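# Survey of secondary and tertiary structure
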Amino acid sequence: MTTPGPQSYSGIYLSKTDTDLPDRFSNDFAKYSNFRELAGGGNGVLIACNDNNLGRKVVIKKLAPEHRQDARARRRLLREARVTAQLTHPNTVPVHEIGLTDEGDLYFTMKKIEGEDLFRILSKIARSERKANEANPLDELLGILLQASNALSYAHSRGVIHRDIKPENILVGMFGDVFLMDWGVAKVWGMPNEGSEDEIPRTDLHDRLTSPGKRPGTPLYMSPEQVRDKVVDERSDIFSMGVVLYETLALKEPFRGANINETFANILDYDPPPPSSVAKHWAVPKALDEICAKAMQKNPRDRYQMMREMIRDINRFRAEAIAAPPE
């Protein structure tokens, strides 16, 4: 066993825990250094950097250069920062600060998470890069979804609808911690209804589905209410989480069409086969088929009415699976 060096122990650098402030202490943007751009999304740019005051790594989110003067994009970024900051839950990312760069760009900083998103994990399983018989992977994946669902249930209790639930927005840390990310298009009760200038134009959704080199993310997980441009509530997020559960079980999106119009038509009118009939990597129990089907009902009145009801049924299935004697 190797002994930690004099400057670090378990990844903590002792030189960065001195009680003296840095020579160039600042409460402004100057306290950040060593910028490294990460993969962004939508109108935003993610940048990893050092917070020299506290000696830690953080992530900065700000607008892409082409959107920095866009008033609506600035409002969305500010809303995302404030919504995320107020959702103080173990499965949401802590926000540290909001401010302006030296060039006057709006930004906020948050905890840097080392890990990968659920879409990458499912892709690896589909490509058999990760053995399907390792450590009960199906139960492990259900555990990931439960943590994200708990964050969603908490947000709903605070009057926040996420509106962009998808595997890419579920981040799994190196130690099993799970975070529900990207609250940039969240709706808070009291905000204007769909159709106002604050909402996502359908042309934006079309671009996100058809842009070369980009995975058609958002439309694949939209609820029928979103497709019809109706007012949404927490049951829309429940539908989207049901779609994510289906994809997790079947490693296949239930409503994917050849184009955006076919995808929307499938969401409105097509009932996909149960995941157990299409899954190839593992046997999917009928109980999970039923949970998927209930979450993805076309009429919101026929779905789970609250996220915690879907969480209860998944937990009940896991408990019964553990208690059941091996075949």
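Preceding block: the structure.
Model, not experiment: these values are computed from the prediction.

## Some words on the overall build of the protein
- In terms of helices and strands, the protein carries 10 helices and 12 strands.
- A buried classification covers 46% of the 327 residues belonging to the protein.
- A fraction of 62% describes how many contacts in the protein between residues 6 or more apart in sequence connect residues 24 or more apart.
- When the accessible surface of the protein is summed, it comes to about 17,400 Å², and 50% of that surface belongs to carbon and sulfur atoms.

## Section: the side chain of R303
- With respect to the helices and strands, R303 occurs in the loop between helix 9 (286-295) and helix 10 (307-323).
- Looking at R303, its side chain comes within polar contact range of the main-chain oxygen of R235, at 2.9 Å.
- Look past the residues within four positions of R303 in its chain and what remains in contact with it is P224, E225, R235, S236, F239, K294, A295, Q297 and K298.

## Focus on the packing of aromatic side chains
- Inspection of the entire model under this criterion finds 5 aromatic pairs.
- With a centroid separation of 6.2 Å and 85° between ring planes, the pair formed by Y32 and Y107 is classed as edge-to-face. One end of the pair, Y32, is in strand 3 (residues 32-41); the other, Y107, is in strand 7 (residues 106-111), and 75 residues separate them in sequence.
- By relative accessible area, which is 6% here, Y32 ends up buried.
- For Y107, a relative accessible area of 2% translates into the label buried.
- Feature note: the residues F29, Y32, F35 and Y107 constitute an aromatic cluster, connected by ring pairs.

## Some details on the sheet that holds strand 11 (residues 178-180)
- Pairing is antiparallel across the open sheet formed by 3 strands, whose spatial order is 8-10-11. Edge positions in the sheet fall to strand 8 (115-117) and strand 11, since each of these pairs with one other strand and no more. Across the sheet, the axes of successive neighbouring strands diverge by a mean angle of 25°, strand direction being ignored.
- Pairing between strand 10 (residues 170-173) and strand 11: 3 bridges, direction antiparallel. Pairing of I170 across the sheet is with L180, part of strand 11.

## Regarding helix 9
- Taken as a whole, helix 9 has its buried residues at L288, D289, I291, C292 and A295. Each buried residue of helix 9 lies within a common arc of 165° when the element is viewed along its axis, so the set occupies one face. Of the residues in helix 9, the exposed ones pointing more than 90 degrees away from the buried face are K286 and E290.
- Where helix 9 is buried, its residues touch helix 3 (137-157), helix 6 (234-250), helix 8 (275-278) and helix 10.

## Notes on the nonpolar core
- Core analysis: the largest hydrophobic core is formed by 56 residues, its most contacted members being L118, I170, M241 and M310.
- Mapped onto this core, the elements with two or more residues apiece are helix 2 (118-126), helix 3, strand 10, strand 11, helix 6, helix 7 (260-269), helix 9 and helix 10.
- Per element, the largest residue contribution to this core is 11 residues, and it comes from helix 3.
- Discounting residues that sit within four places of it in the chain, L118 has contacts with L141, I144, L145, P167, I170, V244 and T248.
- By size, the runner-up hydrophobic cluster in this structure holds 13 residues, among which are L63, A81, I113 and L171.

## Digging into the pattern of salt bridges
- A complete count under the given rule lists 14 salt bridges for this structure.
- Among the salt bridges present, the one from E225 reaches R303, with a minimum N-O distance of 2.7 Å. Within this pair, whereas E225 is found in helix 5 (residues 224-227), its partner R303 is found in the loop between helix 9 and helix 10, the two being separated by 78 residues in sequence. Of the two residues, E225 and R303, neither departs from the other in class, the shared state being buried.

## Quick look at unusual backbone geometry
- Even without being glycine, R163 reaches a positive phi, approximately 75°.
- Relative to the helices and strands, R163 is located in the loop between strand 9 (160-161) and strand 10.
- One non-glycine residue, D229, adopts positive backbone phi at about 60°.
- Its place among the elements puts D229 in the loop between helix 5 and helix 6.

## Some words on the pairing of strand 7
- Of all 6 residues making up strand 7, 5 are buried, and the element is well covered by its neighbours.
- In this sheet, strand 7 lies alongside strand 5 (residues 56-63) in antiparallel orientation, the contact comprising 5 bridges. Across the sheet, residue I60 finds its bridge partner in strand 7, namely T109.
- A loop of 5 residues connects strand 6 (residues 95-100) with strand 7, the two strands running antiparallel in sequence, and G104 in this loop sits at a positive phi of about 90°.

## Overview of the pairing of strand 4 (residues 44-51)
- Counting buried positions over the 8 residues of strand 4 gives 7, a clear majority of the element.
- Where strand 4 lies against strand 5, 8 bridges are found, and the strand directions are antiparallel. Looking across to strand 5, one finds that A48 is bridged to V59.
- The antiparallel pairing of strand 4 with strand 5 creates a hairpin that spans 4 residues between the two strands, and G55 there sits at a positive phi of about 65°.

Scoring rules and cut-offs
- Residues numbered from 1 in each chain as written.
- Predicted model: local features only at pLDDT ≥ 70, side-chain atom pairs only at ≥ 80, totals over all residues.
- Heavy atoms only, no water.
- Helix = DSSP H or I, 4+ residues; strand = E, 2+ residues; numbered from the N terminus.
- Buried < 20%, exposed > 50% of the residue type's maximum accessible area, 1.4 Å probe, protein only.
- Contact = heavy atoms within 4.5 Å.
- Areas by Shrake-Rupley, 256 points an atom, 1.4 Å probe, with all protein chains shown as cover.
- Polar contact = N/O pair within 3.5 Å; in protein donor to acceptor, adjacent residues only side chain to side chain.
- Phe/Tyr/Trp six-rings, centres within 6.5 Å; stacked < 30°, edge-to-face > 60°.
- Pairing = 2+ DSSP bridges.
- Axes fitted to C-alpha atoms, helices over the stretch in contact; angles between N-to-C directions.
- Arc of directions from axis to C-beta.
- Core = buried A, V, L, I, M, F, W, Y, C linked by side-chain atoms within 4.5 Å.
- Salt bridge = Lys/Arg side-chain N within 4 Å of Asp/Glu carboxyl O.

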